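Read off the chains here:
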Amino acid sequence: MSKPILYYDDVSPPVRSVLLTLAALDINEKIDLKWIDLFSAAHRNPDYIQINPLHTVPVLEHDDLVLTDSHAILVYLCDAYGQGTSFSLADHKKRAKVLNRLCFNNSIFFQRDAELMRKIFRDKLNDISAHLKPVTEAIDYIELYLSKTKFIACDELTVADFSIVSTLSTLESVCPIERSRWPKVKAWYDDLQKLPYYRKANQVGLDKLRTKLRSILTAVPEQM
Ligand SMILES: N[C@@H](CCC(=O)N[C@@H](CS)C(=O)NCC(=O)O)C(=O)O
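Fair warning: this is a prediction, and the values are worked out from it, not measured in the lab.

1. Quick look at the packing of aromatic side chains
Right, so step 1: Here the structure, examined in full by the defined rule, presents seven aromatic pairs.
Right, so step 2: Consider the rings of Phe 104 and Phe 109, whose centres lie 5.9 Å apart with planes at 15 degrees: the pair is stacked. The residues Phe 104 and Phe 109 share a single accessibility class, namely buried.
Right, so step 3: Linked through ring pairs, Phe 104, Phe 109, Tyr 141 and Tyr 145 together constitute an aromatic cluster.
Right, so step 4: The side chain of Arg 101 reaches across the aromatic face of Tyr 145, ending 3.5 Å from its centre.

Right, dumping it as structure tokens:
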């Protein structure tokens, strides 16, 4: 069996959720990385479209298995490499809880983030303050989730946390996470940022994205 290949660009939140998972499972050496430069439109290259007709990153290719969605990749990585670790999804109820939050990220939270990013990068909107309601509302949902469990899906860290934190940290670039409105989200986010692999797996790519955002937006919070 060959090594899996991750097609990636770490400016992308779904990619960063996969990088966090690789680091958490301590399997970076087991995966080959191929950079697909989104800002140079490498994802539109015909060779890449052959791999992923949706022209998105991340993609994980493992022999005849080609996964074109981060949420499916996270579950696959837990199944293939997470047995015996706290990231295992072998328990049916835990698996369902994690999947439920991954679906929330895929269908609601990341979609709202992506819509905002399209307004900035595609429509060149330099003041997005009038367009924040869908994302602040989604963060309200996360505050409610975190009033029931310590982490996003249950009382321990799972890949659902990586999925949500990669989106949340991206949104923080344009929408500061205020403790007064979202105390539980803020405390959870602070804890996630303390993970030893957080900086390399999430912050480095995020900083690249923020540099791009700063070149377009008139107001990007400086303190992050
Ligand atoms: N549901 C997908 C979304 C992936 C996605 O939309 N990636 C963006 C970057 S954040 C992308 O590659 N966009 C390029 C395009 O749509 O052409 C996932 O979770 O993997």
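2. Some details on the confidence of the model for the chain
Right, so step 1: Residues at a pLDDT of 70 or more form 97% of the chain, whose mean pLDDT is 96.
Right, so step 2: Model confidence for the chain, summarised as mean pLDDT per element, is weakest for helix α8 (residues 198–216) at 95 and strongest for helix α1 (residues 13–24) at 99.

3. Some points on helix α4 (residues 92–121)
Right, so step 1: A rise of 1.5 Å per residue sets the reference length of α4, with its 30 residues, at 44 Å; its end C-alpha atoms lie 40 Å apart and thus fit the reference within 8%.
Right, so step 2: By the largest-angle criterion, Asn 105 marks the main kink of α4, which is about 45 degrees.
Right, so step 3: For α4, the capping residue at the N-terminal end is Asp 91, with a side-chain oxygen 3.2 Å from the backbone nitrogen of Lys 93.

4. Thoughts on the site of the ligand
Right, so step 1: Close contacts around the ligand come from 15 residues, with His 55, Val 57, Asp 69, Ser 70 and Asn 106 the closest.
Right, so step 2: Between an oxygen atom of the ligand and a side-chain N or O atom of His 43, the distance comes to 3.4 Å.
Right, so step 3: Side-chain polar atom of Asn 106 to a nitrogen atom of the ligand: 3.0 Å apart, as the coordinates give it.
Right, so step 4: Secondary structure elements with two or more residues in the shell around the ligand: α1, α3 (70–81) and α4.
Right, so step 5: Within the shell around the ligand, the residues separate by chemical class into six nonpolar, seven polar and two charged.

Rules and cut-offs
- Residues numbered from 1 in each chain as written.
- Predicted model: local features only at pLDDT ≥ 70, side-chain atom pairs only at ≥ 80, totals over all residues.
- Heavy atoms only, no water.
- Phe/Tyr/Trp six-rings, centres within 6.5 Å; stacked < 30°, edge-to-face > 60°.
- Buried < 20%, exposed > 50% of the residue type's maximum accessible area, 1.4 Å probe, protein only.
- Lys NZ or Arg CZ within 6 Å of the ring centre and 35° of its normal.
- pLDDT = per-residue confidence, 0-100.
- Helix = DSSP H or I, 4+ residues; strand = E, 2+ residues; numbered from the N terminus.
- Expected span 1.5 Å × (residues − 1).
- Bend = angle between axes of the 7 residues up to and from the residue.
- Polar contact = N/O pair within 3.5 Å; in protein donor to acceptor, adjacent residues only side chain to side chain.
- Near = heavy atom within 4 Å.
- Nonpolar A, V, L, I, M, F, W, Y, C, P; charged D, E, K, R; others polar.

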